[in-house]
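One-letter residues, chain by chain:
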Amino acid sequence: MTNNTQNGIEIGVSNFHALLERTQAHAVDFLNKLDKRSVSATTDTNTLRRRLGIPLGNDGIPAERVIDDLVAATEGGHLGSAGGRFFAWVIGGALPSALAADWLTSTWDNNAALYACGPAASVVEEVAGSWIKEVLDLPSTASFAFTTGCQMAHFTCLAAARHALLRDRGWNVEKDGLTGAPAIRILASEQRHGSIERALRFLGIGTAALVPLTTDADARVTADVLFKALRVSDSPTIVILDAADLNVAAIDPFSELIPIARTAGAWVHIDGAFGLWARASGQHRSKLTGVEMAHSWATDAHKWLNTPKDLGIALITDSNAHRAAMVISADYLTHDATTRDQIDWTPDWTRRARGFAVYAAFRELGRHGVADLIDRSCAHAAALANGIAALHGAELVFAPTLNQGLVRFLSPKPNASEEDHDAHTASVIASINAEGTAFFSGTVWKGRRAMRISVVNWRTSDSDVHATINAVARVLVSMGSKPIS
Ligand SMILES: Cc1ncc(COP(=O)(O)O)c(C=O)c1O
């Protein structure tokens, strides 16, 4: 082992030991206090800028001081999204083994682009990819890629779709680009997530190619709407359906819709960022019957599987199209025909070895543990929505059918209008978050403001649910709603 000298300090394994022990103590302290500290950030932007925005010195400082200073400067600037009372957006936590595997991933620091740069990273992705298909019950022959998130999983899947649809019309999009190519049409649920539009922008398909499919009262695309939209033109078409939208976890009726789209020659892509994981649950899997007939699926491990962030998954039936869209070779790279070179399946070049955290999460939970995580989250979402809706001044807007629900708060003003209720709902959400016990985000549902309840964190417990309902009750009383006697 060679030692270097930096800032007059010998750098070697012994320095790592002290530094990493110290870092571990900071991490454990943060995790231990998660349940007791405010779920909201308690340090304002100016303070964070002042603390972090120090002049960059000409000379470096010891690594331990860097870490101590970083922890001190960011104190109060982290949301408690790793904890059990964070219900905003759709943001999971990190299972213990997945967090630990993620630390090791940084420690090993291999470049998971090529087998040659990280043999274990390549093989762990092979295994984790096959476990995902097994747990989600998707075709075992589908190719896959671990991406930064569902956003880039959409990009990867839609790049494969673009390749396949144009290839079938004699056009090589990777070589000839899109100028002069048959125009691709996108039919997507009006409830789609904004990451679909961004993927279309990145791919040069453009958002003008998107035809929104209207949805029914339950936010689902109907067979009639899809059938009529497909009939309008015979241009190459991608149909994008939701395996749970972010407001109410609406799941499109796949067994009706996918055969219609396939008969019309369309490529069917599924946004299953979190909802696809309901396939792992005996209780909820029937809601996604037929989803296995799609051509591609985008999902996340960093939401409902609870790996640390930076972990999406693309799954594609046409592995030739997938590879053709992503493959790269260069003289200086060492390709290996008998093993997995991840660079050929993802939009990244140098990349993090994402498979270790997925592998760890699956092993820690086992099949039953994944199912239990899904079932518990859904039960907690229902308990939260019903418990909050039962409070004076609150109203149920959408009872969870999976892990997402909506409530709103009624203005105590006499003869309050819908606009008053909207404004009151927004200020109740802000007050709940400021109170610090729990954290929620808002949305507009059917033209009206609502508070979203999203449960995807393995840590959420019955006592988190009770503490949250009690906190919302206190906030409502402080804002003029009468307590129920
Ligand atoms: C339904 C849906 N699709 C896609 C995304 C984008 O996922 P990611 O943030 O992992 O890129 C989200 C994020 O919340 C989502 O809820």
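My aim in this report is to walk through the structure given alongside it, one point at a time.

Cut-offs and rules
- Residues numbered from 1 in each chain as written.
- Predicted model: local features only at pLDDT ≥ 70, side-chain atom pairs only at ≥ 80, totals over all residues.
- Heavy atoms only, no water.
- Buried < 20%, exposed > 50% of the residue type's maximum accessible area, 1.4 Å probe, protein only.
- Near = heavy atom within 4 Å.
- Polar contact = N/O pair within 3.5 Å; in protein donor to acceptor, adjacent residues only side chain to side chain.
- Areas by Shrake-Rupley, 256 points an atom, 1.4 Å probe, with all protein chains shown as cover.
- Helix = DSSP H or I, 4+ residues; strand = E, 2+ residues; numbered from the N terminus.
- Nonpolar A, V, L, I, M, F, W, Y, C, P; charged D, E, K, R; others polar.
- Disulfide = S-S within 2.5 Å.
- Pairing = 2+ DSSP bridges.
- Axes fitted to C-alpha atoms, helices over the stretch in contact; angles between N-to-C directions.
- Contact = heavy atoms within 4.5 Å.

Positive phi outside glycine occurs at A219, with the angle close to 70 degrees. Residue A219 is classed as buried on the basis of its relative accessible area, which comes to 3%.

Turning our attention to the site of the ligand. Surrounding the ligand, one finds 13 residues, the nearest of these being C150, Q151, D271, D300 and H302. Note that an oxygen atom of the ligand is positioned 3.2 Å from one of the side-chain N or O atoms of K303. Starting from 390 Å² of accessible surface for the ligand in isolation, the protein chains cover 83%. A per-element tally of the shell around the ligand places helix 6 (residues 150–167) first, with 3 residues. Residue composition of the shell around the ligand, by class: 4 nonpolar, 6 polar and 3 charged.

Evaluated as defined, the whole model comprises 0 disulfides. Free cysteine: C157, not disulfide-bonded; nearest cysteine sulfur from C150 at 8.2 Å. Taking the relative accessible area as the measure of exposure, C157 reaches 0% and is therefore buried. Unpaired in this structure, C378 has its nearest cysteine sulfur neighbour in C150, at a distance of 18 Å. On the basis of relative accessible area, C378 is assigned to the buried category, the value being 5%.

Spatially, the 4 strands line up as an open sheet ordered 10-11-13-12, and their pairing is antiparallel. Each end of this open sheet is capped by a strand with a single partner; those strands are strand 10 (394–398) and strand 12 (441–445). The sheet shows a mean angle of 45 degrees between the axes of neighbouring strands, direction not considered. When strand 11 (residues 404–409) meets strand 13 (residues 448–454), the two strands line up antiparallel, connected through 4 bridges. The residue bridging V407 from the neighbouring strand is M451, located in strand 13. Docked against the sheet, helix 12 (residues 355–389) engages strand 10, strand 11 and strand 13, running at close to 140 degrees with respect to strand 10. Helix 13 (residues 418–435) rests against strand 11, strand 12 and strand 13 of the sheet, and its axis sits at about 30 degrees to strand 13.

By the secondary structure assignment, R354 is in the loop between helix 11 (319–326) and helix 12. Engagement of the side chain of R354 in a polar contact is seen with the backbone oxygen of T147, the distance being 3.5 Å. When sequence neighbours within four positions are dropped, the list of residues in contact with R354 reads E125, F146, T147, T148, D310, L311 and D348.

What follows concerns the environment of V90. Structurally, the position occupied by V90 is in the loop between helix 3 (63–74) and helix 4 (96–108). Each C-alpha atom, one on V90 and one on H302, is 9.8 Å from the other, the two residues being 212 residues apart in sequence. Among all residues touching V90, those that are not within four sequence positions of it are L246, F274, K303, Q404, R452, S454 and V456.

Once that is clear, we can look at the pairing of strand 4 (residues 185–189). For strand 4, the buried fraction is high: 5 of the 5 residues fall into the buried class. In strand 4, alternate side chains face the same way, and those of R185, L187 and S189 on one face and I186 and A188 on the other are all buried. Bridge analysis of strand 4 against strand 6 (residues 237–242) gives 4 bridges, and the strand direction is parallel. Bridged to A188 within strand 6 is I240.

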